[in-house]
Amino acid sequence: RWNRLVFLFLMVIAGILPAFPARAQGTPVVKAVLFYRSTCSHCVQLVTEVLPSIVAKYGDRLQIFYCDVSTPAGDALFTSAIDRFSIQTIGTPTMVVGDTVLIGSVKIQQQFPGIIEAGLAHGGMGWPDIPGLQEAFTTAGSMQMPDLGSVSGGPSDLLPIYAATASPDNTA
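Rules behind the numbers
Residues numbered from 1 in each chain as written. Predicted model: local features only at pLDDT ≥ 70, side-chain atom pairs only at ≥ 80, totals over all residues. Heavy atoms only, no water. Helix = DSSP H or I, 4+ residues; strand = E, 2+ residues; numbered from the N terminus. Contact = heavy atoms within 4.5 Å. Core = buried A, V, L, I, M, F, W, Y, C linked by side-chain atoms within 4.5 Å. Buried < 20%, exposed > 50% of the residue type's maximum accessible area, 1.4 Å probe, protein only.

1. Structural notes on the environment of Tyr66
Phase 1: On the secondary structure map, Tyr66 appears in strand S3 (residues 62-68).
Phase 2: Tyr66 sits 32 residues away from Leu34 along the chain, and the two C-alpha atoms are 5.0 Å apart.
Phase 3: Excluding its chain neighbours within four sequence positions, the residues that come into contact with Tyr66 are Leu34, Tyr36, Leu51, Val55, Ala140, Gly141, Ser142, Met143, Gln144, Met145 and Pro146.

Structure, rendered in structure tokens:
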């Protein structure tokens, strides 16, 4: 029995076990990943005008990993999410929360609060099952909202086709 507990503990630390509903000292937490591009006007609007009030409302009960797809590591994680969830319409902003993929600032603004509420009511939601996400926490983004207030924002990065030239090596 002791060996089994030690083994399970080591698997949790190594990130081998799947994410379970997250709780911070008994409080349910919803975790989401936002893929954005700093030159995307819709991303800038979402990050500077929409998400601050949502983040303020939920406080510690909401954690968002902000992943800039304009970096190689961010692009690799985005490609991994595209493959994992078989996303057909590719663009930014894209948010993944649980098994739900929201594409576009309007969908995120309209649907994300309801998903948060449902997740909190059911004990929280762990990080989405995106291969390479654990490693990406140190290489592809931040848990802090990016400062996009000084970015002018270009045209939307919503693309009808995604031409991935390489996929991430880590698929587990």
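Additional details are given in the paragraphs that follow.
2. What to know about the nonpolar core
Note that soluble globular proteins tend to have their nonpolar side chains buried in a common cluster.
Phase 1: Membership of the largest hydrophobic core comes to 26 residues, with the highest contact counts inside it found for Leu34, Leu51, Met95 and Phe112.
Phase 2: Elements represented by at least two residues in this core include exactly strand S2 (27-36), helix H2 (41-58), S3, strand S4 (94-97) and helix H4 (105-121).
Phase 3: Residue contributions to this core peak at eight residues, all from H2.
Phase 4: Aside from chain neighbours lying at most four places away, what touches Leu34 is Leu46, Val47, Leu51, Ile64, Phe65, Tyr66, Cys67, Pro93, Thr94, Met95 and Ile108.

3. A closer look at unusual backbone geometry
Phase 1: Backbone torsion omega between Thr92 and Pro93 reads 0°, so that peptide bond is classified as cis.
Phase 2: One non-glycine residue, Ser86, lies in the positive phi region at around 50°.
Phase 3: Considering the arrangement of structural elements, one finds Ser86 in the loop between helix H3 (72-85) and S4.

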